[in-house]
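# Architecture at a glance
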Amino acid sequence: MGKTLAEKILSQKLGRDVSAGEIVVSPVDLAFVQDTTGPLTVREYQASGFGAIADKRRSVLFLDHAAPSPNAQLSTDHLLLRSFARDTGCVISDVGAGVCHQIVAESMARPGDIVVGADSHTVTAGAMGAFATGMGSSDVAVAFALGKTWFRVPETIKIEVKNKFQQFVTAKDLILHVIGMIGADGATYKALEFGGKTVESMSMSGRLTIANMAVEAGAKIGVFPSDQTTEKMLREMGRAEQYRSISPDKDAVYERVIEIDASELEPTVSRPHTVDNTVLAKDLKGVRIHQVFLGTCTNGRLEDFALAASILRNKKISPDTRLVVAPASKRVLLQAMDAGYMRIFIEAGGMILPPGCGACLGVHQGVLGDGEACLSTANRNFKGRMGNPNSFVYLGSPATAAATALTGMVTDPREVL
Amino acid sequence: MLKGKAFKFGDDISTDLIVPGRLVHLRSNLPELAKHVLEDADPTFAARVKPGDFVVGGNNFGLGSSREHAPIVIKMAGVSAVLAKSFARIFFRNAINRGLPVLICDTDQIKEGDELEVDMEAGIVHDVTNDVNLTFKPIPKAMLAILDEGGLIPYIQKYGDFKIE
Ligand code: SF4
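Attention here is on the structure that accompanies the text. (Residues numbered from 1 in each chain as written. Chains lettered and ligands numbered in written order. Predicted model: local features only at pLDDT ≥ 70, side-chain atom pairs only at ≥ 80, totals over all residues. Heavy atoms only, no water.)

## Here we look at the overall build of chain A
- When helices and strands are counted, chain A shows 14 helices and 18 strands.
- Along the three orthogonal principal directions, the C-alpha set of chain A runs to about 55 × 55 × 40 Å.
- In chain A, which comprises 417 residues, the share counted as buried stands at 66%.
- Sequence separation of at least 24 residues holds for 75% of the intrachain contacts in chain A that already meet a minimum separation of 6.
- Counting only carbon and sulfur atoms, one obtains 50% of the accessible surface of chain A, whose full area is about 13600 Å².
- Taking the 43 positively charged and 44 negatively charged side chains of chain A as two groups, their mean positions are separated by 3 Å. (Helix = DSSP H or I, 4+ residues; strand = E, 2+ residues; numbered from the N terminus. Buried < 20%, exposed > 50% of the residue type's maximum accessible area, 1.4 Å probe, protein only. Contact = heavy atoms within 4.5 Å. Areas by Shrake-Rupley, 256 points an atom, 1.4 Å probe, with all protein chains shown as cover. Lys, Arg positive; Asp, Glu negative; His and termini not counted. Charge placed at Lys NZ, Arg CZ, Asp CG, Glu CD.)

## Let's talk about the overall build of chain B
- Helix and strand counts for chain B stand at seven helices and seven strands.
- Along its sequence from the N terminus, chain B presents helices and strands in the succession β-α-α-α-β-α-β-α-β-β-β-β-α-α.
- Relative to the globule expectation of 15 Å for 165 residues, the C-alpha radius of gyration of chain B, 15 Å, shows essentially globular dimensions.
- Once the C-alpha set of chain B is aligned to its principal axes, its extents read approximately 45 × 40 × 25 Å.
- Within chain B, the fraction of its 165 residues that count as buried is 58%.
- For chain B, long-range pairs separated by at least 24 residues make up 61% of all intrachain contacts whose partners lie at least 6 apart in sequence.
- Summed over its atoms, the accessible surface of chain B is roughly 6300 Å², and 51% of this surface lies on carbon and sulfur atoms.
- One way to put it: in chain B the 19 positive side-chain charges average out to a point 5 Å from where the 23 negative ones average out. (Rg over C-alpha atoms; globule rule 2.2 N^0.38 Å.)

## Structural notes on the interface of chain B and chain A
- Counting residues at the interface gives 43 residues for chain B and 51 residues for chain A.
- Contact between chain B and chain A buries roughly 3900 Å² in total, counting both sides, with carbon and sulfur atoms accounting for 57%.
- Between the two partners, chain B and chain A, sit four salt bridges.
- For Lys148(A), the salt bridge identified is with Asp161(B), shortest N-O distance 2.9 Å.
- At the boundary of chain B with chain A, the tally comes to 23 residue pairs in polar contact (both at pLDDT 80 or more).
- Elements supplying a minimum of two residues to the side of chain B that touches chain A: α1 (15-18), α4 (69-76), α5 (89-97), α6 (141-148) and α7 (152-159) of chain B.
- Considering every element that reaches the side of chain B that touches chain A, the biggest residue donor is α5(B), with six residues.
- Considering only residue class, the side of chain B that touches chain A consists of 16 nonpolar, 15 polar and 12 charged. (Buried area = accessible area lost by both parts, 1.4 Å probe. Salt bridge = Lys/Arg side-chain N within 4 Å of Asp/Glu carboxyl O. Polar contact = N/O pair within 3.5 Å; in protein donor to acceptor, adjacent residues only side chain to side chain. Nonpolar A, V, L, I, M, F, W, Y, C, P; charged D, E, K, R; others polar.)

## Things to note about the site of the ligand
Residue and element names in this part refer to chain A.
- Neighbouring the ligand are His65, Val99, His101, Asp119, His121, Thr296, Cys297, Cys357, Cys360, Leu361, Asn379 and Arg385.
- Its residues assigned to classes, the shell around the ligand shows five nonpolar, five polar and two charged.
- Counting residues domain by domain, the shell around the ligand receives three or more from each of domain 1 (5-242 + 254-261) and domain 2 (267-407). (Near = heavy atom within 4 Å. Domains from an automatic or database assignment.)

## Observations regarding the sheet that holds strand β8 (residues 156-162) of chain A
Residues and elements named next belong to chain A.
- Spatial strand order, β10-β9-β8-β11: four strands in an open sheet with parallel pairing. Looking at the sheet topology across the chains shown, the edges are occupied by β10 (221-223) and β11 (256-261). Across the sheet, the axes of successive neighbouring strands diverge by a mean angle of 20°, strand direction being ignored.
- Note: β8 against strand β9 (residues 191-195), five bridges, orientation parallel. Its bridge partner being in β9, glutamate 160 is matched across the sheet by glycine 195. (Pairing = 2+ DSSP bridges. Axes fitted to C-alpha atoms, helices over the stretch in contact; angles between N-to-C directions.)

## Section: the pairing of strand β3 (residues 59-62) of chain A
Residues and elements named next belong to chain A.
- Residue alternation in β3 divides its side chains into two sets, Ser59 and Leu61 and Val60 and Phe62, and both sets are buried.
- Bridging between strand β2 (residues 30-34) and β3 involves four bridges; their strand directions are parallel. Across the sheet, residue phenylalanine 32 finds its bridge partner in β3, namely valine 60.
- A crossover links β2 with its parallel partner β3, the connecting element being helix α2 (residues 38-47), and its sense is right-handed.
- Where β3 and strand β4 (residues 91-93) come together, three bridges link them in parallel fashion. (Right-handed = clockwise from strand over helix to strand, strands pointing away.)

## Digging into the packing of aromatic side chains
- Under the counting rule described, the total for this entry stands at 14 aromatic pairs over all chains.
- Where Tyr189(A) meets Phe92(B), the ring centres are 6.5 Å apart and the plane angle is 85°; that geometry is what we call edge-to-face. Here Tyr189(A) is found in the loop between α6 (171-182) and β9, whereas its partner Phe92(B) is found in helix α5 on a different chain.
- Tyr189(A) gets classed as partly exposed once you look at its relative accessible area, which sits at 29%.
- Centre to centre, the rings of Phe7(B) and Phe45(B) are 5.1 Å apart; their planes meet at 90°, and the pair counts as edge-to-face. Residue Phe7(B) is located in strand β1 (residues 2-8), and its partner Phe45(B) is located in helix α3 (residues 45-48); the two are separated by 38 residues in the primary sequence. (Phe/Tyr/Trp six-rings, centres within 6.5 Å; stacked < 30°, edge-to-face > 60°.)

## What about the packing of α6(A) against helix α8 (residues 204-212) of chain A?
Residues and elements named next belong to chain A.
- Across the interface, α6 lies against α8 with an axial gap of 8 Å and an inter-helix angle of 25°. Judged by the inter-axis angle, α6 sits roughly parallel to α8. Judged by the twist between their axes, the crossing of α6 over α8 is right-handed. When α6 is examined against α8, the residues Ala171, Lys172, Leu174 and Ile175 are found in contact with a partner set consisting of Gly206, Thr209 and Ile210.
- A breakdown of the residues in the contact of α6 with α8 according to their chemical character gives four nonpolar, two polar and one charged. (Parallel < 35°, antiparallel > 145°, perpendicular 65-115°, else oblique. Left-handed = near helix turned anticlockwise from the far one by under 90°.)

## Some thoughts on the nonpolar core
- Core analysis: the largest hydrophobic core is formed by 94 residues, its most contacted members being Ile18(B), Phe61(B), Ile74(B) and Leu83(B).
- The leading source of residues in this core is helix α5 (residues 137-146) of chain A, at six residues.
- Non-local contacts of Phe61(B), meaning those with residues more than four positions away in its chain, are made with Ile13(B), Ile18(B), Val55(B), Ile74(B), Val82(B), Ala84(B), Ser86(B), Phe87(B), Ala88(B) and Phe91(B).
- Among the nonpolar cores identified, the runner-up in size contains 73 residues, and Val60(A), Ala109(A), Ile157(A) and Phe382(A) belong to it. (Core = buried A, V, L, I, M, F, W, Y, C linked by side-chain atoms within 4.5 Å.)

## Thoughts on the pattern of salt bridges
All names here are of chain A.
- This structure, assessed with the given rule, holds 35 salt bridges over all chains.
- Where arginine 82 meets aspartate 94, a salt bridge forms, and the shortest distance between an N and an O atom there is 2.6 Å. Separated by 12 residues along the polypeptide, arginine 82 in helix α3 (residues 72-88) and aspartate 94 in the loop between β4 and α4 (100-107) bring together distant segments of the chain.
- By relative accessible area, arginine 82 is classed as partly exposed at 26%.
- Each of Glu266, Lys282, Asp412 and Arg414 takes part in salt bridges that share partners, so that together they form one network.

## Observations concerning α4(B)
- Most of α4(B) is tucked away, with six of its eight residues classed as buried.
- Against α2 of chain A together with α1, α2 (30-34), β2 (54-56), β3 (81-84) and α5 of chain B lie the buried residues of α4(B).
- Residue Gly78(B) follows α4(B) closely and has a positive phi angle near 95°.

## What to know about the pairing of strand β5 (residues 115-119) of chain B
Residues and elements named next belong to chain B.
- Side chains Leu116 and Val118 of β5 all project onto a buried face; the interleaved residues Glu115, Glu117 and Asp119 project onto a face where none is buried.
- In this structure, β1 lies alongside β5, joined through four bridges in antiparallel fashion. Opposite lysine 3, over in β5, you have glutamate 117 as the bridge partner.
- Pairing analysis gives four bridges linking β5 to strand β6 (residues 124-127), with the strands arranged antiparallel. The residue of β6 that forms the bridge with aspartate 119 is isoleucine 124.
- Counted between consecutive antiparallel strands, the loop separating β5 from β6 contains four residues, among which glycine 123 sits at a positive phi close to 75°.

So, in structure tokens, the structure goes:
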């Protein structure tokens, strides 16, 4: 029987055929925590008397959610993670380096890897053909200690995409559309596998955006086959030798196949307070937006900034809104500076945060006031997400974000041309 | 037998509603964090809940982040089990990893304030107030073994490895 990508990756890792529904114990190729989940992992690890880390070069602590830290408690959490890294030899990615998922994509994940992270958006690395999933702090503590974890091999929903996107319609609009269609629990416990001509010609940046949001439909993984685009990205990162081709079998068995015509999609927005509460941007005309947030592990990459900059070049944002920009990594920041995008954002009236999660999770750097609304390029708009339960978060693409910054209202980017 | 009162919540109770990101600085101070359990869903919950009580949700309970602090603070509040029509994947796994029972049943039949008795062995929720019996889906065997040890860390400490294949 043919295998889905999820079955294939796990079968290759385990050296035997596994199929959906089976419970397996699998080696882990990369395990990580970040600064809001890591302190618990570290304390669990220390208290439980686990010995040495199984593979310290592939066990990573990221300081990204509070980077730099806004208060004493979080700074002290950072100290704990740094000293754990020093004592155990684990890798630390300190404040200023960027968001864990972006750095995992840039320099750690490989096609065919099993990746577990104490962060729900660990699914992002699925864009590179990895089986990557989010877990809690205890699960990752055990992965650090044993170098393995357990999974139920997931059933797969295949998303088959054909035709070309219209101008200013992006991978973000596609995944928001999919989540709106299947619902926030439409893929719970399952794998979302992406394929089809549109996906084959999609950039790695777009794939990362889509894989990142698989968890917003409840999925365990969001996964893409690896191909020349994956290979090119690895080569750019100086990791060409890590490329492996991974694709599903032609006769793979899917629970369901959903076909999407990319040419029919339009700029899409999730309304507060759930990601599946989607609507077309053009249908939200007149909705006031007080802050636009461009960044995060979903859309804080160079390609996202290029798109937003193409809309904001030589323009000024609305005086009634703020534009907050956070590059997903130091590499993105440097490249965006070289390309002139940061100047465009600042001259348009925006401000730049250090690489990291920034305003995304409501800790600092862009917390909303009572009754305020933000249009964010992030992945999540739950009540309270941006630090205030009395505020509202809309999700959209970098193009929609840039257009919205210009008008101070939710705006379809095709209308500001 | 677990006994207590039902605290009813709706669909899509996110981990942000259970332990909001704005309180992330309290995560290394769990007793303080636990005072805010479910605050953004029901600000009165923390003050009213008693040891043994149940959190009863609708669909997709616990969606969102991987923060294990969500089941931790629910358990610290004395809640003996969370009942819902469905759970988000990571929350479900985290709850089991913390030794907090998570039971899938038709919670539409349970009302706020109902007295509940849960028989874990028999797989039955008895709503004493309504006198209805609901069955809950058996917890998968691999996870039940972890729950029985009180969570993942004690389980690994005991067996030194996963014993679930
Ligand atoms: S950018 Fe936002 S969604 Fe991504 S890891 Fe950071 S807090 Fe989470």
